[in-house]
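Coordinate analysis (summary)
Chain residues, written in single-letter form:
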Amino acid sequence: MTRSIVPRQTRIFRALTIFSSGMGAAMLALWALDMAGMTLSSYRDAATFGAIVLGLASLAGAGTAHAYFAGGDDTSQSYEALLNVDPVTDLLSRKGLAEELDGYLEQGGGPSRMNRFFLISLDFDSLREFNETHGMETGDSLLRVFGDRLRRVVGDTGLAARTSGGEFVIVLAANHDDRELRAATEALLGVLSLPVRVGNASHSVFWNAGVAEIHKNRPPMERILRHANLARSTSRATGRGTWSIYHPEMTQVAAYRHWIEAELGGAMQRNELMLHYQPKVHAVTGETVGYEALLRWNHHQNGAIPPSEFIPIAEQCGLIQQIGDFVLHQVCEDLDELPDHVTVSANVSPAQFNRDDFVSNLGRLINGTETRPDRLEIEVTETLLIRNHSEIRRLLGQLRDLGIQLAIDDFGTGYSNLSTLTELRFNTLKIDKSFVDRLTEKDPGASTMVASIVGMARSMGASVVAEGVETEEQAMLLRAAGCTIMQGYLFGKPQPLSAIKHQHRGGEPAVVADAPPPTLQPQALAAAS
Ligand code: C2E
Ligand code: CA
Ligand code: CA
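What this report covers is the structure whose coordinates are included nearby. (Residues numbered from 1 in each chain as written. Chains lettered and ligands numbered in written order. Predicted model: local features only at pLDDT ≥ 70, side-chain atom pairs only at ≥ 80, totals over all residues. Heavy atoms only, no water.)

1. Here's the deal with the site of ligand 1
- Around ligand 1, 20 residues are found, and the nearest of them are Gln 278, Arg 296, Ser 349, Glu 470 and Tyr 489.
- Within the side chain of Asp 410, an N or O atom sits 3.3 Å from an oxygen atom of ligand 1.
- Glu 470 is positioned such that a nitrogen or oxygen atom in its side chain is 2.6 Å from a nitrogen atom of ligand 1.
- Among the elements of the structure, strand S9 (288-299), helix H10 (307-317) and strand S13 (405-411) are those that each provide at least two residues to the shell around ligand 1.
- It is S9 that contributes the most residues to the shell around ligand 1, 4 residues altogether.
- The class makeup of the residues in the shell around ligand 1 is 8 nonpolar, 5 polar and 7 charged. (Near = heavy atom within 4 Å. Polar contact = N/O pair within 3.5 Å; in protein donor to acceptor, adjacent residues only side chain to side chain. Helix = DSSP H or I, 4+ residues; strand = E, 2+ residues; numbered from the N terminus. Nonpolar A, V, L, I, M, F, W, Y, C, P; charged D, E, K, R; others polar.)

2. Examining the coordination of the calcium ion (ligand 3)
- The protein atoms that coordinate the calcium ion (ligand 3) are Asp 409 (OD), Asp 410 (OD), Glu 467 (OE) and Glu 467 (OE), at distances spanning 2.2 to 2.5 Å.
- Positions of the donor residues of the calcium ion (ligand 3), expressed as sequence spacing, correspond to D-D-x56-E.
- Between the calcium ion (ligand 3) and the calcium ion (ligand 2) the interatomic distance comes to 3.9 Å, and Asp 409 is a ligand of both metals. In this pair, Asp 409 sits in strand S13 while Glu 467 sits in the loop between strand S15 (463-466) and helix H18 (472-480), placing the two residues 58 residues apart along the sequence.
- Glu 467 gets classed as buried once you look at its relative accessible area, which sits at 11%. (Donors = N, O, S within 2.8 Å, 3.2 Å for Na, K, Ca; no water. Buried < 20%, exposed > 50% of the residue type's maximum accessible area, 1.4 Å probe, protein only.)

3. Focus on the coordination of the calcium ion (ligand 2)
- Around the calcium ion (ligand 2), the protein contributes the donor atoms Glu 292 (OE), Asn 347 (OD1), Glu 379 (OE) and Asp 409 (OD), which lie 2.2 to 2.3 Å from the metal centre.
- One chain supplies every donor to the calcium ion (ligand 2), and in sequence these donors are spaced E-x54-N-x31-E-x29-D.

4. Let's talk about the pairing of strand S1 (residues 116-124)
- Burial analysis of S1 places 9 of its 9 residues in the buried class, the great majority of the element.
- Along S1, one buried face is formed by Arg 116, Phe 118, Ile 120, Leu 122 and Phe 124 and the opposite face, lined by Phe 117, Leu 119, Ser 121 and Asp 123, is buried too.
- In the sheet, S1 pairs with strand S3 (residues 167-174) via 8 bridges, with the strands oriented antiparallel. Across the sheet, the residue bridging to Ser 121 is Val 169, located in S3.
- Here 8 bridges tie S1 to strand S6 (residues 207-214), and the two strands are oriented antiparallel to one another. Residue pairing for S6: Ile 120 is matched across the bridge by Val 211. (Pairing = 2+ DSSP bridges.)

5. Some words on the packing of aromatic side chains
- Applying the stated rule across the entire model yields 9 aromatic pairs.
- Ring geometry for Trp 297 against Phe 310: centres 5.4 Å apart, planes inclined by 90 degrees, an arrangement best described as edge-to-face. Highlighted residues: Trp 297 in strand S9 and Phe 310 in helix H10, separated in sequence by 13 residues. One exposure class covers both Trp 297 and Phe 310, and it is buried.
- One aromatic cluster in this structure is built from Phe 124, Phe 146, Phe 168 and Trp 207.
- The positively charged end of Lys 493 is found above the aromatic ring belonging to Tyr 489, 4.7 Å away from the centroid. (Phe/Tyr/Trp six-rings, centres within 6.5 Å; stacked < 30°, edge-to-face > 60°. Lys NZ or Arg CZ within 6 Å of the ring centre and 35° of its normal.)

6. Quick word on helix H9 (residues 249-269)
- A rise of 1.5 Å per residue sets the reference length of H9, with its 21 residues, at 30 Å; its end C-alpha atoms lie 31 Å apart and thus fit the reference within 8%.
- Of all bends in H9, the biggest is about 30 degrees, found at Glu 263.
- Turning to H9, its buried residues are Met 250, Ala 254, Tyr 256, Trp 259, Ile 260, Glu 263, Leu 264, Gly 266, Ala 267 and Met 268.
- Remark: Asn 271 follows H9 within two positions and exhibits a positive phi of approximately 55 degrees. (Expected span 1.5 Å × (residues − 1). Bend = angle between axes of the 7 residues up to and from the residue.)

7. A few points about the environment of Asn 417
- Along the chain, the position of Asn 417 falls in the loop between S13 and helix H15 (418-424).
- Accessibility expressed as a relative area gives 40% for Asn 417, which makes it partly exposed.
- Linking Asn 417 and Leu 385, residues 32 residues apart in sequence, is a C-alpha distance of 9.6 Å.

8. Re the pairing of S9
- Taking burial as the measure, the 12 residues of S9 include 9 buried ones, the bulk of the element.
- In this structure, strand S8 (residues 273-282) lies alongside S9, joined through 9 bridges in antiparallel fashion. Looking at S9, one finds that Pro 279 is bridged to Tyr 291.
- Turn length for the S8-S9 hairpin, with the two strands adjacent in sequence and antiparallel, is 5 residues, and the turn residue Gly 286 shows positive phi of about 80 degrees.
- Here S9 pairs with strand S11 (residues 343-347) via 4 bridges, running parallel. Note that in S11 the partner of Ala 293 across the bridge is Ala 346.
- As paired elements, S9 and strand S10 (residues 303-305) share 3 bridges and run antiparallel to each other. Note on S10: the bridge partner recorded for Trp 297 is Ile 305.

9. Describing the sheet that holds S3
- The strand order across the open sheet built from 5 strands is S2-S3-S1-S6-S7, with neighbouring strands paired in mixed fashion. In this open sheet, the two edge strands, each paired with only one partner strand, are strand S2 (158-164) and strand S7 (243-245). For this sheet, the mean angle separating the axes of adjacent strands, direction not counted, is 20 degrees.
- The strands that helix H8 (residues 221-238) touches are S1, S2, S3, S6 and S7; relative to S6, the one it contacts most, it runs at about 145 degrees. (Axes fitted to C-alpha atoms, helices over the stretch in contact; angles between N-to-C directions. Contact = heavy atoms within 4.5 Å.)

Pasting the structure below:
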């Protein structure tokens with residue numbers, strides 16, 4: 001079975017060796033005859049000579065063949081051994097880890113004989129992007145640095161492997177106390193997150209980890225790995241640099257995610273997606289100056305599914321491109337139905353910027369729908385700004401050239417700094433709801449923070465929108481801090497276009513508004529399981 005992994009060149013080389021050793025034996029026999037002074041004077045002599053030569057040749061050939069094929073096991077074993085090692089980092093490969101795992105567990109994880117074992121799956125989020133930007137060789141150098149760091153940290157107390165792409169796996173033993181596991185995982189994340197110098201540049205990447213305990217019944221390694229990976233992707237959803245321990249509920253959540261992924265494609269065809277519009281009002285006059293378009297999915301069987309649940313999945317499975325096109329198209333069409341002084345902002349996911357033709361498509365859409373570009377605002381989150389800066393700067397510049405307004409969403413939750421914001425010339429900063437929530441007379445620090453964001457926005461020539469305003473007290477403190485535009489349930493919930501058109505015609509505020517978003521849906525889970 002192992003022979004199939006022997007490369008073709010090696011098999012050809014073996015055949016040539018056997019052939020030449022046979023020829024060598026024949027030459028040897030000729031030389032021996034010559035030395036013995038024999039001449040081939042008769043037909044019988046020639047026949048005897050031929051038989052001797054062939055006999056010797058086949059003996060030598062068979063011997064060599066035996067040596068090669070019997071010894072072939074060694075060669076195959078060395079190929080096997082090669083497959084157990086990751087050629088880039090020299091750590092164990094996925095296969096090598098599976099082979100070493102039993103022995104490691106049986107030995108009790110080394111001299112200190114601990115009683116619990118854990119598999120930690122570690123991954124950074126940008127290997128593909130990194131390879132595309134810096135080339136595969138630089139990517140390999142980066143992986144080697146991470147491999148070396150892990151080898152040093154783990155030493156001979158555990159197993160370290162690279163199982164695929166940017167995914168590394170550590171198996172280690174820990175005592176009953178979870179603090180030991182926490183310390184080990186955080187040490188691993190800490191050491192991996194240190195900047196890496198490759199060539200002349202320094203690179204930092206963001207890691208997440210997932211941990212699965214290896215229970216006494218020893219489930220197959222693939223299952224443990226699947227659980228650790230699930231824990232890792234769950235922690236990634238909560239933010240970079242985080243980790244979590246696998247819990248069986250995660251399997252249910254993953255089933256729900258699969259269900260959403262499977263249903264989302266059909267949702268487009270079944271026209272289940274639509275936009276609701278939430279007003280943004282002037283802080284002093286109370287006039288509606290614009291709306292934010294917020295996507296709604298009304299599933300034909302399970303009802304409303306909130307965007308916070310399906311957008312991240314659409315981003316991961318690539319459907320966000322199609323969904324994003326739908327949103328922008330719908331916003332441009334709906335703008336036509338709203339008064340001229342009103343602007344509409346659309347949320348655009350960072351993943352939508354990955355497409356080369358994003359800006360040109362949007363330009364065509366604006367022209368095709370005869371939309372006044374300054375009535376359209378694009379909201380992007382700060383996470384977009386920490387990616388390839390020059391590329392993003394170029395794209396945002398092109399959007400500005402089209403005349404479109406740019407807003408930075410959830411401001412204050414990300415990493416952007418003043419110089420980046422000034423350079424990118426945003427029109428609007430949207431203060432995240434978490435700051436607004438903290439605004440009470442009892443917490444003057446929150447008001448000071450808002451006032452400093454307002455001051456910063458002014459210095460950049462940008463306006464400020466406060467998000468998620470729910471109480472009169474918050475509105476009052478925001479006005480005092482100099483905030484000019486507010487958005488939140490206090491002023492209006494997101495509503496369908498028909499309802500806001502009705503209000504603009506002078507009707508009463510519509511009662512058709514968002515119901516509170518449901519959380520994980522039991523029916524969907526049942527359907528998924
Ligand atoms: P976001 O862009 O920060 O949108 C604001 C969210 O806060 C909306 O939730 C809105 O309904 C909610 N909200 C507004 N005022 C209040 C308030 O006073 N109190 C409370 N508790 N909530 C308030 P929603 O519609 O569930 O959207 C959640 C997120 O989903 C959005 O956050 C945005 O990141 C994403 N999203 C929504 N529509 C789209 C879309 O068309 N494209 C993309 N890429 N993302 C979208
Ligand atoms: Ca938004
Ligand atoms: Ca927001």
